[in-house]
There are 2 protein chains.
Amino acid sequence: MSTPRSDPLALEVVDLIGTVVARYHEEYAEAATRHHLTVAQARVLALLATEPAAMRSIARQLRCEPSNVTGIIDRLEARGLVERLPDPVDRRVRIAAATDEGHRTARDLGGAPSFAREALAELSAEELGTLRDLLRRIPGCGGTDV
Amino acid sequence: MSTPRSDPLALEVVDLIGTVVARYHEEYAEAATRHHLTVAQARVLALLATEPAAMRSIARQLRCEPSNVTGIIDRLEARGLVERLPDPVDRRVRIAAATDEGHRTARDLGGAPSFAREALAELSAEELGTLRDLLRRIPGCGGTDV
DNA sequence: CATGATTGTTTCAGAAAATCAAGCATTTCT
DNA sequence: AGAAATGCTTGATTTTCTGAAACAATCATG
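Predicted model, so just to flag it, every value in this text is computed and none were measured.

Asker: I would appreciate a short explanation of the interface of chain B and chain A in the present structure.
Answerer: The accessible area lost on association of the parts is a frequent measure of interface size. Each side of the interface is counted separately: chain B has 49 residues, and chain A has 49 residues. Interface of chain B and chain A: buried area, both sides summed, is about 4,900 Å²; carbon and sulfur atoms make up 72% of it. Where chain B meets chain A, there are eight salt bridges. Where Glu26(A) meets Arg63(B), a salt bridge forms, and the shortest distance between an N and an O atom there is 3.2 Å. At the boundary of chain B with chain A, the tally comes to eight residue pairs in polar contact (both at pLDDT 80 or more). Only α1 (8-34), α6 (112-119) and α7 (125-136) of chain B provide two or more residues apiece to the side of chain B that touches chain A. With 16 residues, the top contributor of residues to the side of chain B that touches chain A is α1(B). Classifying every residue of the side of chain B that touches chain A gives 27 nonpolar, 10 polar and 12 charged.

Right, here's the structure in full:
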């Protein structure tokens, strides 16, 4: 069951989540700056390092307009971190993929693994398991994509 | 004690945190847009609704250049949501404070309370307590300010 | 199969956000 | 009092972002 959550405890938890969010972002921004990338560029590069994606798909994942993605990819491409490839199936589509150097940079950026190492260092495996189970119960966090 | 955290479990937790971060941001952006505010403006307004702050202090909390804050406050001021007040102690300092309408807008924005209501609805009070305790153990999340 | 609608990307114009360097006023230090 | 430091703003520039319009390619349908 669940009661309407406006009690102090829920607010404190939200506040803590807010702090984690802030820290997450801060480290991300720092790592990006270290590599002379903006946050938006680093985000897209990390995304493409996982797997190549069509422009439209990137826009959907970033929840922004496709025309915005064009510019970001332009700049990443100009630096040799990303390249545009044709889609063999649909000739309208252009697939952005990380180059070798892009993959190297993405790896250097750290991202999730480094956050895992630094932020969760204090928690035991059992506590991590509990944390995972609780986070999974937050709606919209079960599936990979909406 | 703590082991180096690069194991799959830690990575999954970071991934979940990432999802929560994304959701947090998404709702923030949505609420801001609803009020014809940008995310940056909404963030500053929420900050000032809690308590007035000098420009420099805002910049520190946003981790950006003071000159950036000038512009954001300019636009909020132009819309009557914020006003600049002199600091009675130091005549260099300008204190930004939310106006009555600014406070109203900030309240309408929802922010933490609405996230608490929607995202944490499924968790019981006991589970929330556990979650709080675990989040508190993430370094840099204990104190209010760095 | 031809035509019309839809889709995927880009271009353009424009606002906002962000950085950096410089400038100005005020405060603090010596 | 004079020099250094502090707080904010301005101006120039880049990046992010949106929305409208253009264009090519695909799809749907009669």
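Asker: What's the story with the protein's contact with DNA strand D in this structure? I'm lost.
Answerer: In the region of DNA strand D, 22 residues are neighbours, and Thr38(A), Glu65(A), Arg75(A), Arg56(B) and Arg92(B) sit closest. The side chain of Asn68(A) places a nitrogen or oxygen atom 2.9 Å from a sugar or linking oxygen of DNA strand D. Every element with two or more residues in the surface near DNA strand D is listed here: α2 (39-50) and α4 (66-78) of chain A together with α3 (55-62) and α4 (66-78) of chain B. It is α4(A) that contributes the most residues to the surface near DNA strand D, four residues altogether. Its residues assigned to classes, the surface near DNA strand D comprises seven nonpolar, six polar and nine charged.

Asker: What am I meant to see in the pairing of strand β3 (residues 94-98) of chain B here?
Answerer: One face of the sheet, then the other: side chains in a regular strand alternate in exactly this way. Residue and element names in this part refer to chain B. Looking at chain direction, strand β1 (residues 53-54) and β3 are connected through two bridges and run antiparallel. When the bridges of β3 are listed, Ala-53 appears paired with Ala-96. When strand β2 (residues 82-86) meets β3, the two strands line up antiparallel, connected through five bridges. Within the sheet, the bridge partner assigned to Pro-86 lies in β3 and is Arg-94.

Conventions and cut-offs
- Residues numbered from 1 in each chain as written.
- Chains lettered and ligands numbered in written order.
- Predicted model: local features only at pLDDT ≥ 70, side-chain atom pairs only at ≥ 80, totals over all residues.
- Heavy atoms only, no water.
- Contact = heavy atoms within 4.5 Å.
- Buried area = accessible area lost by both parts, 1.4 Å probe.
- Salt bridge = Lys/Arg side-chain N within 4 Å of Asp/Glu carboxyl O.
- Polar contact = N/O pair within 3.5 Å; in protein donor to acceptor, adjacent residues only side chain to side chain.
- Helix = DSSP H or I, 4+ residues; strand = E, 2+ residues; numbered from the N terminus.
- Nonpolar A, V, L, I, M, F, W, Y, C, P; charged D, E, K, R; others polar.
- Near = heavy atom within 4 Å.
- Pairing = 2+ DSSP bridges.

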